[in-house]
Amino acid sequence: MNEFCFEITEELENERIDKCLSMLIDSLSRSFIQKMIKENNVKANGEPVKGSYRVKTDDILEFVLPEAVKPDIVPENIPLDILYEDKDVIVVNKPKGMVVHPAAGHYSGTLVNALMYHCGDGLSGINGQMRPGIVHRIDKDTTGSVIACKNDLAHACIAQQLKDHSITRRYHAVCEGILPEEEGVIDRPVGRHPTDRKKMAVNEKNGKNAVTHYRVLKRFEKYTYIECRLETGRTHQIRVHMASIGHPLLGDEVYGNRKSPFSLQGQTLHAKTLGFRHPATDTYLEVDAPLPEYFVRLLDSKL
């Protein structure tokens, strides 16, 4: 088990304890810390604290990080399109329709099930038992590059790069309508939809900072083929941002305003390029996922 002990300095005075610990320990997600607090595993000055606790200068924070629990997930022999792999990380080209990690309603057939079969016990466990190896995710119907980590040191390194927004993430998409400019930036906060909790939305009041850079790759009669570069990585960010400027992604029935005239399974969005500094060598590595067949056929058709 890993034991942690911190003495709070003036710079962290009055921060919520979950935010404070997520700043002090980059490798742990805030949701994981909140879970530990609820289970009375985090102490301030020797006493368990609540999630609303705000730290004070000279507070002594202590907790023990339990050993990773062997996940109750069945490894499945699902073919993987591996773009890059070594002893620390694996990057795969996720197909459309595959969920990244198990959750309610999706306990089999996920990318995690496939990775557990391929990697055996060689996946990081720092984020708890339901997401071994997973540092980030893409939507079920979004295709393309996803990185998974094979040990906790690699996981911490990639998680820090995501937090610092230093990872390169470029997506290809087809959006509805004709974009008037060749490129642009959407800088609008994204958070939960105020009335529909299953959706995200541009939320000026409660949203988190979100920045998407886009540029036109090709124009069609009614649609525009674009590349989007993420500066941040909020849930459904590209889908929400493009819909917010009147150009929802083709096939996106959640954020779009009409049904696609094509036979599509969800939004036309592909995580094409993923670039990061390798956790072991610190050299920059960039991996490119080829466009899926349905996307190529769509671009070759008369959009």
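The structure we're discussing is the one just above.
Residues numbered from 1 in each chain as written. Predicted model: local features only at pLDDT ≥ 70, side-chain atom pairs only at ≥ 80, totals over all residues. Heavy atoms only, no water.

Caption draft 1: How the structure looks around the overall build of the chain. A tally of regular secondary structure across the chain gives six helices and 15 strands. For 303 residues, the compact-globule estimate of 2.2 N^0.38 gives 19 Å, and the chain sits close to it at 21 Å. Based on the C-alpha atoms only, the size of the chain along its principal axes is roughly 65 × 45 × 40 Å. Burial analysis of the chain (303 residues in total) assigns 46% to the buried set. For the chain, long-range pairs separated by at least 24 residues make up 65% of all intrachain contacts whose partners lie at least 6 apart in sequence. Across the chain, the 40 positively charged side chains and the 42 negatively charged ones have centroids separated by 7 Å. (Helix = DSSP H or I, 4+ residues; strand = E, 2+ residues; numbered from the N terminus. Rg over C-alpha atoms; globule rule 2.2 N^0.38 Å. Buried < 20%, exposed > 50% of the residue type's maximum accessible area, 1.4 Å probe, protein only. Contact = heavy atoms within 4.5 Å. Lys, Arg positive; Asp, Glu negative; His and termini not counted. Charge placed at Lys NZ, Arg CZ, Asp CG, Glu CD.)

Caption draft 2: Seen up close, the nonpolar core. With 30 residues, the main nonpolar core has L115, Y171, I238 and M242 as its most contacted residues. Only β6 (89-94), α3 (111-119), β7 (143-149), β8 (168-176), β12 (211-219), β13 (223-230), α5 (237-244) and β14 (269-277) provide two or more residues apiece to this core. Examining the composition of this core, we find that five residues originate from one element, α3, more than from any other. The next biggest cluster of nonpolar side chains, apart from the first, holds 20 residues, and it includes L21, I33, A44 and Y53. (Core = buried A, V, L, I, M, F, W, Y, C linked by side-chain atoms within 4.5 Å.)

Caption draft 3: Here's a closer look at the pattern of salt bridges. Enumeration over the complete set of coordinates arrives at 14 salt bridges. Residue K87 pairs with D88 through a salt bridge whose shortest N-O separation is 3.2 Å. A relative accessible area of 9% means that D88 is categorised as buried. Among the charged side chains, a salt-bridge network with shared partners connects R170, R215, E227 and E286. (Salt bridge = Lys/Arg side-chain N within 4 Å of Asp/Glu carboxyl O.)

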